[in-house]
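Commentary on secondary and tertiary structure
Residues per chain, in single letters:
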Amino acid sequence: VRPGAMEPLNGSAAAQPDSCFGVFNASHSRGSAHSSIASPWFSTAFGLIGLCSNLFALCVLLSSSRKLSSQARSSFLIFLCGLVVTDFIGLLVTASVIIPYHFIKFAWAKVDPGCHLCNFLGFSMIFFGQCPLLLGATMAGERFFGINHPFSRSTSVSRRRAWSIVGLVWGFSCLLGLLPVMGLGRYTLQYPGSWCFLTLLPNTGDVIFCLLFALLGIFSVLLSFIFNTVSVVTLCRVYHDRESVQRRRDSEVEMMVQLVGIMIIATICWMPLLIFIVQTALQQLPASGQLRVLPTETQKMLLIYIRMVTWNQILDPWVYILFRRAVLQRIYPSLRPRPSILSLYPAFKPSLRHKLTAD
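Counting of residues starts from 1 at the beginning of each chain's written sequence and follows it residue by residue. Residue-level local features of this predicted model are given only where pLDDT is at least 70; pairs of side-chain atoms are given and counted only at 80 or more, and the full residue set underlies all totals for whole chains, interfaces and linings. In computing side-chain values, all of the structure's heavy atoms are included and hydrogens and water are not.

1. Section: the packing of aromatic side chains
Quick reminder of the rule: Between 30 and 60 degrees the pair is tilted, below 30 it is stacked and above 60 it is edge-to-face, where a pair is any two Phe, Tyr or Trp rings, Trp via its six-membered ring, whose centres lie within 6.5 Å. Relative accessibility decides the category of a residue: with a 1.4 Å probe and only protein chains considered, values under 20% of the type maximum give buried, values over 50% give exposed, and everything between is partly exposed. Comment: elements are numbered from the N terminus, with helices defined as DSSP H or I runs of at least four residues and strands as E runs of at least two.
On inspection of all chains with the given rule, the structure shows 14 aromatic pairs. Ring geometry for phenylalanine 127 and phenylalanine 128: centres 4.8 Å apart, planes at 85°, overall edge-to-face. One exposure class covers both phenylalanine 127 and phenylalanine 128, and it is buried. For the ring pair phenylalanine 197 and phenylalanine 213, a centre distance of 6.1 Å and an interplane angle of 90° mean the geometry is edge-to-face. One end of the pair, phenylalanine 197, is in strand E2 (residues 195–198); the other, phenylalanine 213, is in helix H8 (residues 204–240), with 16 residues separating them in the sequence.

2. Remarks on a nonpolar patch on the surface
Note the following rule: Each patch is assembled from residues with relative accessible area greater than 30% and no salt bridge, linking like charges that lie within 9 Å and nonpolar side chains (Val, Leu, Ile, Met, Phe, Trp, Tyr) that lie within 5 Å. Areas reported here follow the Shrake-Rupley algorithm with a probe of radius 1.4 Å; residue values treat only the protein chains shown as occluding. One side-chain nitrogen of Lys or Arg within 4 Å of one carboxyl oxygen of Asp or Glu is enough to make a salt bridge.
Where nonpolar side chains cluster on the molecular surface, the patch consists of Phe56, Val253, Val257, Trp318, Leu322 and Phe323 and spans about 480 Å² of accessible area. When contributions to the nonpolar patch are tallied by element, the ones reaching two or more residues are helix H9 (249–283) and helix H10 (296–322). Summarising the element assignment, leucine 322 is placed in helix H10. By relative accessible area, leucine 322 is classed as partly exposed at 43%.

3. Some points on the environment of leucine 200
The line we're drawing: When checking whether two residues touch, look at their non-hydrogen atoms; a contact exists if any pair is within 4.5 Å.
As for its position among the elements, leucine 200 is in the loop between E2 and H8. Judged by its relative accessible area of 2%, leucine 200 falls in the buried class. Between the alpha carbons of leucine 200 and threonine 280 there is a distance of 6.9 Å; along the sequence they are 80 residues apart. In this structure, leucine 200 is in contact with Cys210, Phe276, Ile277, Thr280, Gln284, Leu294, Thr298 and Leu302, ignoring residues within four places of it in sequence.

4. Some words on helix H6 (residues 116–148)
What counts, and what does not: Multiplying 1.5 Å by the residue count of a helix minus one yields the expected span of that helix.
Compared with the 48 Å implied by 1.5 Å per residue over 33 residues, the 47 Å span of H6 between its first and last C-alpha is a close match. Among the 33 residues of H6, 26 are classified as buried, and the element is accordingly described as predominantly covered.

5. A closer look at the state of the cysteines
Condition: Here, two cysteine sulfur atoms that lie within 2.5 Å of each other are counted as a disulfide.
What the rule picks out here adds up to two disulfides. Residue pairing for cysteine 20: its cysteine sulfur links by disulfide to cysteine 115, the two sulfurs lying 2.0 Å apart. Where cysteine 20 bonds to cysteine 115 through sulfur, the torsion about that S-S bond is close to -95°, and the disulfide is left-handed. Residue cysteine 20 is found in the loop between helix H1 (11–15) and helix H2 (26–31), and its partner cysteine 115 is found in the loop between helix H5 (108–111) and H6; the two are separated by 95 residues along the sequence. The burial state of cysteine 20 is the same as that of cysteine 115; both residues are buried. Note on cysteine connectivity: cysteine 118 is disulfide-linked to cysteine 196, with sulfurs 2.0 Å apart. An S-S torsion of about -120° defines the bridge between cysteine 118 and cysteine 196 as left-handed. Residue cysteine 118 is found in helix H6, and its partner cysteine 196 is found in strand E2; the two are separated by 78 residues along the sequence. Of the two residues, cysteine 118 and cysteine 196, both sit in the buried class. Each bonded cysteine of the protein gets a number by its place in the sequence, and the pairs then read 1-2, 3-4. Of the cysteine sulfurs around cysteine 131, a residue in no disulfide, the closest is that of cysteine 174, at 8.8 Å.

6. Comments concerning the environment of alanine 137
Within the element layout of this structure, alanine 137 appears in helix H6. Since its relative accessible area comes to 9%, alanine 137 is described here as buried. Through-space distance from the C-alpha of alanine 137 to that of phenylalanine 225 is 8.4 Å; in sequence the pair is 88 residues apart. Those residues within four positions of alanine 137 in sequence are excluded, and the remaining contacts are Ser220, Leu223, Ser224 and Phe227.

See the structure below:
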């Protein structure tokens, strides 16, 4: 199917071209609903694995936060907790609609004639999709200033301020998700008829909203990459600088390893979708609103990229679960923290080292 090719509308969708049900060819989706990529077992398996992973990570986070005295580490755990809670609730909300559809096969036009459920599901996809990207950039920025400018602020980010920042990210993502409800863009049913998302059609409002969502996500990923790269370089210099003042290197290295892991996962899972949205929106601009139905290939590619995005919510919690010092030290005993500050000063004379150790 050519990207600009017209496809016939079906049934009620033809009567309501501006509704949330006329963007894809439903008759074609019913015939291929059991194909590999549209199989209901994808959604069911991904949803259950993701929910269990995030619930386990949340329990580990809550247990770890009670044992910490470091304020910097404590604020970092709050950001991680916000990320895990966002992923967990996002999977729970979307799975509660998508999974029942695959097994009940309800008719959207009859169950949701006013598109309220579709708008809610589309809002959830945007909100719970954008939040992890923004939180990743926020965490990278917080660690950047904590590592590169440790004396530019009197204290680390407090718990209350950390939760306030998480709340601001949630609020901003909420406003972004409400834009189609307020008239900028639309949420429409997507192939194979089990979920709703932004509309990849050449209408002005749809194109603006698509570009806003995708470019904001790309910017968040790039900002995380810049912050994390500079922070890692700084940590490497501090780690090998034997004339520097002792810092809590082990905790900082642990946080940076987790941040880099989160960034890599977000880049692999999200960038293909975000780039695809930008390319599709820009390529369809010459159609000037003539395209009324998404081409079949566009529908299928969008579903494939959404499947990849789901892995972000599944893998995020395992970054913290597996890349903790308690776990890494069991695998690599050489990573155990050094017992004293003297480990940074091997040039000290043995007598002086003995005297300082005794003191």
